[in-house]
Amino acid sequence: MGAGHAHPLHLDHDSRVHRLPAEVKIVATLLFTIVVVVTPREKFLAFAGYLVLLVGVLVLAKVPPLWLAKRATIELPFVLLAIALPFAGHGERTEWLGMSLSIDGLHGAWNILAKGTLGVLASLLLAATTTARDLLLGLDRLRCPQVFTQIATFMLRYLDILADDARRMRVARLSRGYDPRFLWQVKAFAVGVGALFIRSYERGERVYLAMVARGYNGRLPRPEGPGATTFDWARSAALPLAAAAIALVAVLA
Amino acid sequence: MNGVAMHIANGIVNAQVSAVFAAIAAAALAICVWRGRADLDDRLAPMAGLVAAFIFAVQMLNFQVLPGVSGHLLGGTLAVVLVGPWVGALCVSTVLIIQCLLFADGGLTALGLNITNMAVIGTAAGYLLVAGLLRLLPKTPRGVAVTAFVASIVSVVVASQAFVIEYALGGTTELSLGTIAASMAGAHVLIGIGEGLIAAVTVATVARVRPDLVYALRRFRTTRPAVATQKTVGAQA
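Residues numbered from 1 in each chain as written. Chains lettered and ligands numbered in written order. Predicted model: local features only at pLDDT ≥ 70, side-chain atom pairs only at ≥ 80, totals over all residues.

### Things to note about the overall build of chain B
For step 1, the next point in the chain: Across its full length, chain B carries ten helices and two strands.
For step 2, the next point in the chain: Mapped from its N terminus to its C terminus, chain B presents α and β elements in the order α-α-α-β-β-α-α-α-α-α-α-α.
For step 3, the next point in the chain: Taking all 237 residues of chain B together, 58% fall into the buried category. (Helix = DSSP H or I, 4+ residues; strand = E, 2+ residues; numbered from the N terminus. Buried ≥ 20, exposed ≤ 12 C-beta atoms within 10 Å, placed from the backbone.)

Rendered as structure tokens:
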């Protein structure tokens, strides 16, 4: 539980991007994504430019491209939607390989593919270079209401508790020779879910009360250090500024 | 296509409509923070975290409704019953923010849309039904379970229709809205039933073993003084 709260998308090594404070990375990712989304969809070259920028970040962060590509498959449902659009769209249609495709649908498919993919890649790079703990600290420094960071802190702790308890209960059930896997055995699953909830709550409640006894007042102590420096902000601003420049050139040209 | 409805990606709904809904979500969450802070006492704080973690885990269960069409549970009603509407909405939106930032699920610019659908509208619909049904049904574990089941189905379908409205306002491609609305509603009735079962089972167990943890039961019982003193403590904390 105290193991730095690594999450499945975090890539544990050191790089210049890893070392940046979380708050500047969050803001840079958000601004970059906004620039991508407001770019008119027919400016194809601009999207290529954004991709080049992200590849630059990827190199700086020493993230293996294949690692990133594998995780980007989270986007697949949207790709399916994008493929359906040219067939389902309205308006003017065009013939391609004997299929009647809607031009508006084709544009829409490109729009979702390009903007969706760039957004997912940017978020994945943020996740790969930031631990959950740093992210919460960053949100806290960005003046995110304390209620959120408090709920999120507990949520990340409880996720580990839930997973552990679920595993323990499964082992207990299996070692007693019961392995419910059919619909008429759903009661065992249902009882398990309820019991899991109560057990996790009671463990978590003890942890919480222990924290309160040690002076927890809704906010974890911040580590020493001033947070992001002007230099950090300037370095991370390079990504959204470059993207904005590309967008400006694309729109004006 | 329901993957879209649940966690909308960047570029599905245009920037203007996304911005409007981001503002709506921010305003709604500000109210929830204001009202929820008073609720968040020593008992509710760890509960809120657990509910959020539970919703997080449950949202990973994807239902394959049709080929290429999958959706997942929302958990808004479960949150309403266990931690109340204000903290419940905060729990669901915390899950959405963390999923967006750490798991790249849902676009950053679509966060306002996602929060409006699932955390605000879904939770509000669930709350109204829970509050109404608990007046009619007995306040027993069974009554709460039935309430959670019915409210889950309705809240999921309502949340899915909120996406249809957003798509109608700012969809980047013209599709026939009737088709979207019908397919979304159909799929989400099924998802709602799955969600309702999980919510009902969980709530029934908690109500049987630790009825003091069920916000919906506490609210309607006459234990106000005890809650009130805890509230002041929570507000100072």
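There's more to say after this.
### Digging into the overall build of chain A
For step 1, the next point in the chain: If you tally the helices and strands in chain A, you get ten helices and two strands.
For step 2, the next point in the chain: Listed N to C, the secondary structure of chain A is α-α-α-α-α-β-β-α-α-α-α-α in terms of helices and strands.
For step 3, the next point in the chain: Residues classed as buried in chain A amount to 38% of the 253 residues present.
For step 4, the next point in the chain: When contacts within chain A are restricted to residue pairs at least 6 apart in sequence, long-range pairs at least 24 apart make up 79% of them. (Contact = placed C-beta atoms within 7 Å.)

### Some points on the UniProt feature "transmembrane region" (unreviewed entry) in chain B
Residues and elements named next belong to chain B.
For step 1, the next point in the chain: Within this numbering scheme, the UniProt entry marks residues 12-36, 48-66, 78-104, 116-137, 144-165 and 185-209 as carrying the feature "transmembrane region" (unreviewed entry).
For step 2, the next point in the chain: Helix makes up 88% of residues 12-36 and strand 0%. Its end C-alpha atoms lie 32 Å apart.
For step 3, the next point in the chain: Secondary structure content for residues 116-137 is 95% helix and 0% strand, and the end C-alpha separation is 29 Å. (UniProt positions renumbered as here; feature names shortened; annotations may be inferred.)

### Description of helix H7 (residues 132-141) of chain A
For step 1, the next point in the chain: With respect to burial, H7(A) is a largely interior element, eight of its ten residues being buried.
For step 2, the next point in the chain: Of the residues making up H7(A), those classed as buried are Ala132(A), Asp134(A), Leu135(A), Leu136(A), Leu137(A), Gly138(A), Leu139(A) and Asp140(A).
For step 3, the next point in the chain: As for H7(A), its buried residues are in contact with helix H2 (22-38) and helix H8 (146-175) of chain A together with helix H5 (85-103) of chain B.
For step 4, the next point in the chain: Positive backbone phi, at 65°, marks Arg143(A), one or two positions downstream of H7(A).

### Details of helix H4 (residues 76-83) of chain B
All names here are of chain B.
For step 1, the next point in the chain: Buried residues dominate H4, accounting for eight of its eight residues.
For step 2, the next point in the chain: The set of residues buried in H4 consists of Gly 76, Thr 77, Leu 78, Ala 79, Val 80, Val 81, Leu 82 and Val 83.
For step 3, the next point in the chain: Gly 84 occupies a position one or two residues after H4 and carries a positive phi of about 90°.

### What about the UniProt feature "transmembrane region" (unreviewed entry) in chain A?
Residues and elements named next belong to chain A.
For step 1, the next point in the chain: The residues that UniProt annotates with the feature "transmembrane region" (unreviewed entry) are residues 20-38 and 44-61.
For step 2, the next point in the chain: Taken end to end, residues 20-38 is 89% helix and 0% strand, and its two terminal C-alpha atoms sit 27 Å from one another.
For step 3, the next point in the chain: Between the first and last C-alpha atoms of residues 44-61 the distance is 26 Å; the span itself is 94% helix and 0% strand.

### Points about the environment of Gly116(A)
For step 1, the next point in the chain: Tracing the sequence through the fold places Gly116(A) in helix H6 (residues 103-129).
For step 2, the next point in the chain: Residues Gly116(A) and Val37(A) lie 79 residues apart in sequence; the distance between their C-alpha atoms is 8.8 Å.

### A closer look at the nonpolar core
For step 1, the next point in the chain: In this structure, Ala48(B), Val51(B), Cys91(B) and Val203(B) are the most contacted members of the largest nonpolar core, which totals 143 residues.
For step 2, the next point in the chain: Split by domain, this core shows at least three residues from each of two domains, domain 1 (16-138 + 226-252) and domain 2 (145-213) of chain A.
For step 3, the next point in the chain: Other than its neighbours up to four places away in sequence, Ala48(B) contacts Ile151(A), Phe154(A), Leu40(B), Val83(B), Val87(B) and Cys91(B). (Core = buried A, V, L, I, M, F, W, Y, C linked by C-beta atoms within 7 Å. Domains from an automatic or database assignment.)

### As for the packing of H2(A) against helix H10 (residues 230-252) of chain A
Residue and element names in this part refer to chain A.
For step 1, the next point in the chain: As a packed pair, H2 and H10 sit with axes 9 Å apart at the nearest point and diverge in direction by 5°. The angle between the axes of H2 and H10 places the two elements in the roughly parallel class. Listed contacts from H10 to Val 24, Lys 25, Ala 28, Leu 31, Phe 32, Val 35 and Val 36 of H2 are Asp 232, Trp 233, Ser 236, Ala 237, Leu 239, Pro 240, Ala 243, Ala 244 and Ala 247. (Axes fitted to C-alpha atoms, helices over the stretch in contact; angles between N-to-C directions. Parallel < 35°, antiparallel > 145°, perpendicular 65-115°, else oblique.)

### Quick word on the packing of H4(B) against helix H7 (residues 141-170) of chain B
All names here are of chain B.
For step 1, the next point in the chain: Closest axis-to-axis distance for the H4/H7 pair is 8 Å, and the angle between their directions is 140°. If you check the angle between H4 and H7, you find them oblique. Of the two elements, H4 crosses H7, and the hand of that crossing is right-handed. Across the interface between the two elements, Gly 76, Thr 77, Leu 78 and Val 81 of H4 pack against Val 144, Ala 148, Ala 151, Ser 152 and Ser 155 of H7.
For step 2, the next point in the chain: Residues belonging to the contact of H4 with H7 are distributed by class as follows: five nonpolar, four polar and no charged. (Left-handed = near helix turned anticlockwise from the far one by under 90°. Nonpolar A, V, L, I, M, F, W, Y, C, P; charged D, E, K, R; others polar.)

### Considerations on the confidence of the model for chain A
For step 1, the next point in the chain: Mean pLDDT for chain A: 77, with 82% of residues reaching 70 or above.
For step 2, the next point in the chain: No element of chain A has a lower mean pLDDT than strand S1 (residues 93-96) of chain A, which averages 65, and none a higher one than H2(A), which averages 85. (pLDDT = per-residue confidence, 0-100.)

### Re the environment of Thr109(B)
For step 1, the next point in the chain: If you trace the backbone, Thr109(B) turns up in the loop between H5 and helix H6 (111-136).
For step 2, the next point in the chain: For the pair Thr109(B) and Asp212(B), spaced 103 residues apart in sequence, the C-alpha to C-alpha distance is 39 Å.
For step 3, the next point in the chain: Discounting residues that sit within four places of it in the chain, Thr109(B) has contacts with Thr33(A), Ile34(A), Val37(A), Asn10(B) and Ser18(B).

### Notes on the confidence of the model for chain B
Reading fine detail from the predicted coordinates is not recommended where pLDDT is low.
All names here are of chain B.
For step 1, the next point in the chain: Mean pLDDT over chain B works out to 76, with 81% of the residues at or above the 70 mark.
For step 2, the next point in the chain: Low pLDDT, under 50, characterises residues 221-237; the predicted model gives this stretch 15 contacts beyond four residues in sequence or across chains.
For step 3, the next point in the chain: Both confidence scores are given for the complex: pTM 0.79, ipTM 0.75.

### Concerning the environment of Gly186(B)
All names here are of chain B.
For step 1, the next point in the chain: Looking at the secondary structure, you find Gly 186 in helix H8 (residues 177-209).
For step 2, the next point in the chain: Look at Gly 186 and you get partly exposed, because 14 C-beta atoms sit within 10 Å.
For step 3, the next point in the chain: C-alpha separation for the pair Gly 186 and Val 58, spaced 128 residues apart in sequence, amounts to 21 Å.

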